Amino acid sequence: MSHDHTPDHETPNPFATGIAGRCPRCGEGLLFTGFLKTASKCESCGLDLEFADSGDGPAIFIMFIVGFVVITLALLVNVVFNPPMWVHLLLWIPTTIILSLALLRPFKGIMIALQYRNDAREGQQTDDHA
Ligand SMILES: [Zn+2]
């Protein structure tokens, strides 16, 4: 195997693990036990995931993004096809719901992974000083 094996085995990419819904430390254990319920700890490496209570912040952020995307699409469709109002409702209500649900979990996973990485880095720094 002539693959370049970069020695950054410290933490997996937070975006990759977040989108995949995997543990931010080992990249193996599952981050979620329910659709958005985070596991209490990683079943693979034992990382305590209790810190990962990001509340409703991601949900509100997703609403803004999805709202912006859907309104932009709706305006485009309106200009190009000029459909009646019920077509808009039929198109955009399901689109909004599906997009929100599709984005919420990976986004929350990324938030948790970034949070874990920041915490880990701060922990290392204080350990060095001690
Ligand atoms: Zn783990």
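Residues numbered from 1 in each chain as written. Predicted model: local features only at pLDDT ≥ 70, side-chain atom pairs only at ≥ 80, totals over all residues.

Next up on the list: the overall build of the chain. When helices and strands are counted, the chain shows three helices and zero strands. Going from N to C terminus, the chain has its helices and strands arranged as α-α-α. Out of the 130 residues in the chain, the part that is buried amounts to 18%. Intrachain contacts of the chain at a sequence separation of at least 6 include 52% that bridge at least 24 residues. (Helix = DSSP H or I, 4+ residues; strand = E, 2+ residues; numbered from the N terminus. Buried ≥ 20, exposed ≤ 12 C-beta atoms within 10 Å, placed from the backbone. Contact = placed C-beta atoms within 7 Å.)

Attention now moves to unusual backbone geometry. Of note in the backbone geometry, Asn 82 takes a positive phi value of approximately 45 degrees without being a glycine. Looking at the secondary structure, you find Asn 82 in the loop between helix H2 (57–81) and helix H3 (85–129). The class for Asn 82 is exposed, based on 8 C-beta atoms found within 10 Å.

By size, the foremost hydrophobic cluster in this structure holds 13 residues, and its most contacted members are Cys 23, Leu 31, Cys 42, Leu 47, Leu 49, Ile 112 and Ala 113. Going through the elements one at a time, H2 and H3 are the ones with two or more residues in this core. Counting residues per element, this core draws most heavily on H3, which supplies five residues. In this view, Ala 113 contacts Pro 14, Thr 17, Gly 18 and Pro 24; residues no more than four positions away in its chain are not counted. (Core = buried A, V, L, I, M, F, W, Y, C linked by C-beta atoms within 7 Å.)

Between its first and last C-alpha, H2 extends 36 Å over 25 residues, near the 36 Å set by a 1.5 Å rise per residue. Residues of H2 that are buried: Pro 58, Ile 62 and Val 66. (Expected span 1.5 Å × (residues − 1).)

Further remarks concern the environment of Ala 52. Among the structural elements, Ala 52 can be located in the loop between helix H1 (14–20) and H2. When the C-alpha positions of Ala 52 and Tyr 116 are compared, they lie 7.9 Å apart, and in sequence the two are 64 residues distant.

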